[in-house]
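Read off the chains here:
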Number of protein chains: 2
Amino acid sequence: MSVTAPQGFRAAGVACGIKADGALDLALVASTHPCTAAAVFTTNQIKAAPVRYDQVLLARRRTGFRAVIINSGNANACTGPRGLSDIYAIVDLAGFLLGFPPDTILVMSTGVIGVPLPVDAIRAGLFQAIPALSAEGGEAAARAIMTTDTRPKMAVRRLTLNGTPVTIGGMAKGAGMIHPHMATMLALITTDVAVEPELLDDLLRAAVDASFHRISVDGDQSTNDTAMILANGSSGVALDAHTAPLFREALTDLCVELAQAIVRDGEGATKFVEIRVRGARTPQEARHIARHIARSPLVKTAFYGGDPNWGRILAAAGSAGVSLDTEAISLWIQRGEEPPLLLFDRGSPALYFEDVAREIFAAPSFRVILELGLGDGEDWVWTCDLSHEYVTINGRYRT
Amino acid sequence: MSVTAPQGFRAAGVACGIKADGALDLALVASTHPCTAAAVFTTNQIKAAPVRYDQVLLARRRTGFRAVIINSGNANACTGPRGLSDIYAIVDLAGFLLGFPPDTILVMSTGVIGVPLPVDAIRAGLFQAIPALSAEGGEAAARAIMTTDTRPKMAVRRLTLNGTPVTIGGMAKGAGMIHPHMATMLALITTDVAVEPELLDDLLRAAVDASFHRISVDGDQSTNDTAMILANGSSGVALDAHTAPLFREALTDLCVELAQAIVRDGEGATKFVEIRVRGARTPQEARHIARHIARSPLVKTAFYGGDPNWGRILAAAGSAGVSLDTEAISLWIQRGEEPPLLLFDRGSPALYFEDVAREIFAAPSFRVILELGLGDGEDWVWTCDLSHEYVTINGRYRT
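Here the structure is a predicted model, which means the values were calculated and not measured.

1. Looking at the interface of chain A and chain B
- Contacts between the two partners involve 61 residues from chain A and, on the opposite side, 61 residues from chain B.
- Summed over both sides, the interface of chain A with chain B buries roughly 4800 Å², with 56% coming from carbon and sulfur.
- The interface formed by chain A and chain B includes 0 salt bridges.
- Put simply, chain A and chain B have 10 residue pairs in polar contact (both at pLDDT 80 or more) between them.
- Of all the secondary structure elements, the ones that give two or more residues to the side of chain A that touches chain B are helix H8 (297–305), helix H9 (311–318), strand S13 (348–349), helix H10 (354–361) and helix H11 (388–395) of chain A.

Put into C-alpha cells, the structure is as follows:
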C-alpha cells in the first residue's frame, strides 16, 4: 500500500523508458485534497535541479500541494540551467493533465548524475501514469523509484486520534550513496491528518533525525536526497497539542522502518550492524564517532568477512578527531538481546573465546557497543558491510 | 639498498615466527655512529605502544640513537599496559646484545591490533638478526616490514654537498589503512649527514607534508603510523643554511617516491590517480576537498571499473563541508601530459566523446582536475581505486 494507504492518495508507477531494461522508472503520487508539505533535503553543496526546484517552491508556501513526480534512472544533477527548464516542461504538462496549477507539483529524481533528463520520455510517461493513478498504486510507485534497490521499501502506520482512525504511509529508496544527512535516499510519506505547516516541519525533522540521519551505507552523500511528507486532511482529524506526540511517535516509527530497510538493502549488503557509542562527552560526539566507524572500509570489510577484528573499530574511533582516553575505552559485541561479549576492557584486550566472537560477527545482524568512559553522551547509527557485490555494483553502475 | 645506502648503517631482516607463513617479520637497522632522530607519528587518538614509547624517548632527547627494531604481523596496539612492558623486554635484550643503552633503540610495529606482541619470538629473532646485520641488509629489512604489501618499497638519493657525496636511503610499507596524516604506514629514512635536531625535524615535517600526508588508500587511519629519520653524520658533512635546501629537496623527492609506491601498491589497487583541486579559497580547502574525493567509495569503485562517472566526483566534492558554487565548477581528466579532457564546464556537462573519457579512465594512471572557481587555492592527493581484491584482502585479513 505504501503512500496510498492514507485516504485520498492515489499513485502509479510506469516504465517510460529512462531505464534501458524497461523497468518501472516513473512514479506519480496525487492527492484528492490540497496538502500541507514539509521536506528535508541533502546538505550536499552540489544540489540536483529537483532539490533546488522543491526548495524554491517550499520556501514560497507550504500548503496547496497536489502531486509529486519521481523518476529513477536519472538524477537531473549537474545538468546546468537545462536541469531546471526540464522540470518546468514536465510539471507544466502534469499540471495541465491533472488539472492542477504546475506549482502545486513537487519533483524528485534519482539515478545517474550529469546526464540531461529525458524529458520527452517522462512527458510521454505521464500520459500512461495519470490514467493509472489508483488507491492500489502504492506498490508500483515504490517499485518505480528503485535504482540498485533489490526490493521496494514501504511502510504503513495506523493510529486512532480523538476516536478517529488516521493513517501514515511511506515509500523510500536507498541502496548506494547513503550516509547521514540525507544521502541518495528518497522518501515520500503521506498522511490523511490535517496539520499546520510549522508543526508538520517539526514532526518530519524529528522523525528524520531519528531514522534517515542515522543510516550509513557507504559514507557517500548524494546530490538528490529528499524526505518529504504530504498531509491532506482527508481523515477529518487535525493535529493538536494533544495528538501531535502520538502522531510523532508513529511517524518516527515508520521512518525508522524505512531507514532500516534501506540499510538492510544497501548495495551488496549482507549484514545489518548497529554501532552504539556510549560514555562520550556529548551525544553529538557519540554520533560523530559512530558515523566515523560506520564509514571505515576496514571495519566494513571485517563485518563482511565475519572477522571479529575489533582493533579496526578502535582505530576508526581514534581517528574521528575527538580526543579519547584509551585506558577508559571498552568494547562489546552483541547479537539480539543476548548478553554482550566484552572484547576490550578499559584499555586492554579482554579474555573471550574467539569462536564466540566469530559466531556473533557471522550473524546477519549484530550490535557493536563502544564505551568511551568520558561522560554520558550516547548515540548510534545503523550500517551495513562492504562486500564484493558493492564493488561489482559500483564499478559498473552506468554500463 | 634502501636504509643501508648511507654510510655507517647496517640492517637485517629475519623471520622470527610472528607471521604464520614463515615470511620475514623482524627488521633491525643499526648505525655505527650515534644518530640524530626525528619522527612524525599518527594523529589517531588510539596510539599503539611503540608510538607512545618512541614519543616519550624523542621528547626526552633527539640525539644518540643507535638502532630501530621493526616487526610486522602484530601492531602492539590496544594491548594495554602489557604493550609497553613488552617493548622494554625487547629493547633491553637488543641493547645488551648490541652493546648500546636500551634507550638508544627505537621501535615500530605493524599488523593485527589487539593481540599481545609475541615477545619471546622477537627476542629469539634478535639472536638471528644481530649477526645478520650488514650493509647489504637494506632489502631484507624492507621486506621484513611488509604486511599486505606485494613488494618492498625502497628509495635512495645521492647528492653532493660542499663537494662531498652524501646519501639518503629509505624504506616504507603501506598497503591498507592509508590516509593523510599517517595511516598504517611505516617509513624509516637514514642519512649520513650530520644535522641539528630542530633542523632535522623541520626537514622531515616538510618532506612528509609533501608526500606521505598526500596519499590515501582507503581513508582509514592507523594506530601505528610512523615516519622516522636517523642522521648519523658518517659522511663528514654537516647541514647548514646553504646546504639544507638541497638536502630538503632530495629528502622530499625520496619521500614522494616512497609515498607514491605505497599508493601504487595499495591493497587491491589497480589504478594510481592524482586528485588535483584548483580555484579553492585556500590551499587547505583544496586539500580537504581532494582528500574527501579520494575517500569516496563510489568514486573509487568508478576508478576501478574504468567508468567515467564524473558525477560521483562532484557529489563527493559537494559533501566535503566546504561551501561551493556549482555554476563556477569545471572538471577535467587527464592522462599523462596529454591535453586534459573537459567533462563539466562551469555548471553544465561539457560536450565530449564518451569513448575518449572511458579510455582515460581505463588507463593505469590518470589525473582528475577539479576547478572550483572561488580563489587561488590549489592542492592535490594521490590515491588508488577500490577493487574486489581490497574486499577480499580485508574481509579475511586475520585468517
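So much for the structure itself; the text now carries on.
2. A few points about the sheet that holds strand S14 (residues 365–371) of chain A
Residue and element names in this part refer to chain A.
- Taking strand neighbours across the sheet as the criterion, the 7 strands line up as S8-S15-S10-S14-S11-S12-S13 in an open arrangement whose pairing is mixed. At either margin of the open sheet sits one strand with a lone partner, and together these are strand S8 (215–216) and S13.
- The sheet contact formed by strand S10 (residues 272–280) and S14 spans 7 bridges and is parallel. Bridge assignment links Arg278 to a residue of S14, and that residue is Glu371.

3. Examining the UniProt feature "binding site: substrate" (unreviewed entry) in chain A
Residues and elements named next belong to chain A.
- UniProt tags Thr147, Lys173, Thr184, Glu267, Asn394 and Thr399 as "binding site: substrate" (unreviewed entry).
- Among the secondary structure elements, Thr147 is positioned in the loop between helix H4 (138–144) and strand S5 (153–161).
- Along the chain, the position of Glu267 falls in the loop between helix H6 (244–264) and S10.
- According to the relative accessible area criterion, Glu267 is buried, its value standing at 4%.

4. Brief notes about a nonpolar patch on the surface
Residue and element names in this part refer to chain A.
- Together, Phe96, Leu97 and Phe127 give the surface a local cluster of nonpolar side chains, amounting to about 350 Å² of exposed area.
- Along the chain, Leu97 falls in helix H2 (residues 81–98).
- Judged by its relative accessible area of 30%, Leu97 falls in the partly exposed class.

5. Thoughts on the pairing of S14 of chain A
Residue and element names in this part refer to chain A.
- With 5 of 7 residues buried, S14 lies mostly within the body of the structure.
- In terms of strand pairing, strand S11 (residues 330–334) meets S14 through 5 bridges, oriented antiparallel. Bridge assignment links Trp332 to a residue of S14, and that residue is Ile369.

6. Considering the sheet that holds strand S10 (residues 272–280) of chain B
- With mixed pairing, 7 strands are arranged side by side in an open sheet as S8-S15-S10-S14-S11-S12-S13 (chain B). Taken across any chain shown, the strands that pair with only one partner, and hence form the sheet edges, are strand S8 (215–216) and strand S13 (348–349) of chain B.

7. Some details on the confidence of the model for chain A
- With 95% of its residues at a pLDDT of 70 or more, chain A has an overall mean of 91.
- The least confident element of chain A is S8 of chain A, whose mean pLDDT is 76; the most confident is strand S1 (residues 9–14) of chain A, at 98.

8. What about the relation of the copies chain A and chain B?
- Overlaying chain A with chain B gives an RMSD of 0.0 Å, the required rotation being 180° about an axis along which the chain moves by 0.0 Å. Both chain copies can therefore be described as sitting about a two-fold axis. Closest approach to the rotation axis within chain A is made by the C-alpha atom of His388 of chain A, at a distance of 2.7 Å.

Criteria and thresholds
Residues numbered from 1 in each chain as written. Chains lettered and ligands numbered in written order. Predicted model: local features only at pLDDT ≥ 70, side-chain atom pairs only at ≥ 80, totals over all residues. Heavy atoms only, no water. Contact = heavy atoms within 4.5 Å. Buried area = accessible area lost by both parts, 1.4 Å probe. Salt bridge = Lys/Arg side-chain N within 4 Å of Asp/Glu carboxyl O. Polar contact = N/O pair within 3.5 Å; in protein donor to acceptor, adjacent residues only side chain to side chain. Helix = DSSP H or I, 4+ residues; strand = E, 2+ residues; numbered from the N terminus. Pairing = 2+ DSSP bridges. UniProt positions renumbered as here; feature names shortened; annotations may be inferred. Buried < 20%, exposed > 50% of the residue type's maximum accessible area, 1.4 Å probe, protein only. Patch = residues over 30% accessible without salt bridge, like charges linked within 9 Å, V, L, I, M, F, W, Y side chains within 5 Å. Areas by Shrake-Rupley, 256 points an atom, 1.4 Å probe, with all protein chains shown as cover. pLDDT = per-residue confidence, 0-100. Least-squares fit on C-alpha atoms with pLDDT ≥ 70 in both.

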